[in-house]
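# Close look at the chain arrangement
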Amino acid sequence: MDQVELFGTLGPSCCEEPVLEAMFRAGMNGCRLNLSHTSLEMSTDWISAFHTAADRAQVKEPQLLIDLEGPELRIGMLASPLSIADGESIPVPMPGHVLASLRIKDEVLLDDGKLEATVRKISNGTALLAFSRGGRLSSRKSIKIEGRSVQGPFLTPADKQNLAIAGSFGVTAVMEPFVTGPEALHAIRKELDQNGLQDVRIFAKIENREGVEALSAIMKEADLVVIARGDLGNDVPFQELPLVQKDISKRCRNAGCPFMVVTQMLTSMEHSKVPTRAELTDICNAVLDGASALMVTNETAVGDYPALVIRVLAETAKAALKARED
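Notes on the structure in this doc start here. (Residues numbered from 1 in each chain as written. Predicted model: local features only at pLDDT ≥ 70, side-chain atom pairs only at ≥ 80, totals over all residues. Heavy atoms only, no water.)

## Notes on the overall build of the protein
Helix and strand counts for the protein come out as 12 helices and 15 strands. In terms of overall dimensions, the protein is globule-like: its C-alpha atoms have a radius of gyration of 19 Å, near the 20 Å expected for 326 residues. Taken over the C-alpha atoms alone, the protein extends approximately 55 × 45 × 40 Å along its principal axes. Within the protein, one finds 34 positive and 44 negative side-chain charges whose respective centroids are separated by 3 Å. (Helix = DSSP H or I, 4+ residues; strand = E, 2+ residues; numbered from the N terminus. Rg over C-alpha atoms; globule rule 2.2 N^0.38 Å. Lys, Arg positive; Asp, Glu negative; His and termini not counted. Charge placed at Lys NZ, Arg CZ, Asp CG, Glu CD.)

Encoded structure:
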């Protein structure tokens, strides 16, 4: 039987050895660490628990993926998370390169499109945002300027610092956000080679139209393509997202390029022991379409039932694999 790699995401809910061991025993192959909110050095305890849990579960080659900051635009640091009501206007801190890209009346999406706002004023390191769709907003969440493609550098200074020490933490793969061409992957490979990390895999996250359009060139340089439906769903009409996913899957399959499907695979299980039927169907369809990897994010990072999430993911993927082979 073919295998589908299954990944969780490290976070407060699964940072201890017993929980991680249960996740490995449930079928998990490895974890993602999102470096937009932390660093390898700051995550030493989590990573140590990850490797110890893998040893206890007798997982010979646990996969540790680091998700770089890359060119994704993010808001600045908040004193504490904000609960924002529809119609409320709030000044939100922004890094300098983001402020330089914003214009008055810009429509923006925040935190993978969960919140929507209009830029009313830009001053003193902040953008005054009028929220048409509010919600909970915390530090360093993504921001997308609708109608314009604005990106930062392929590798931030923090990315380079993390890559320089990745080998000592057992990193096995690097995820680059918002890949729009092979140039970003060349830059990462050069950085990895300079640090003696030739065996580390490069995962290219497809998160906007430009990435979809450049997929043929990206596939030639990536070890795996990630269909990252969160930000990708901000850049294409929501009703077209399933079709875009199907198109990427087909093109990867025809080219023999492994691909991963991620975002909201089991989002209801953040606070529920039972998945929705739609989520199970989503997992099954991803596997039937040829996915070689699946990943959950908040479900394990901050959810209530991280080990159960992995068990449901593994059992559903196993059933779909069997059907794929029949």
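## Some details on the pairing of strand E14 (residues 259–262)
Alternating positions in E14 separate into two faces, Phe-259 and Val-261 on one and Met-260 and Val-262 on the other, with burial throughout. The pairing of strand E13 (residues 224–228) with E14 spans 4 bridges and is parallel. The residue bridging Val-225 from the neighbouring strand is Phe-259, located in E14. Where E14 meets strand E15 (residues 293–295), 3 bridges bridge the pair, whose relative direction is parallel. If you follow Met-260 over to E15, its bridge partner there is Ala-293. (Buried < 20%, exposed > 50% of the residue type's maximum accessible area, 1.4 Å probe, protein only. Pairing = 2+ DSSP bridges.)

## Quick notes on the state of the cysteines
Per the stated rule, a full pass over the model turns up 0 disulfides. Residue Cys-15 stays outside any disulfide, its sulfur separated by 7.0 Å from that of Cys-14, the closest cysteine. Here Cys-284 stays unpaired: no disulfide links it, and the sulfur of Cys-252, its closest cysteine neighbor, is 19 Å away. Given a relative accessible area of 24%, Cys-284 falls into the partly exposed group. (Disulfide = S-S within 2.5 Å.)

## A closer look at the sheet that holds strand E8 (residues 126–133)
Spatial ordering of the open sheet is given by E5-E8-E7-E6-E10, a layout of 5 strands whose pairing is antiparallel. The open sheet has two edge strands, strand E5 (89–93) and strand E10 (143–145), and neither has a second partner. Across this sheet, the average inter-strand angle for adjacent strands is 40°, counted without regard to direction. (Axes fitted to C-alpha atoms, helices over the stretch in contact; angles between N-to-C directions.)

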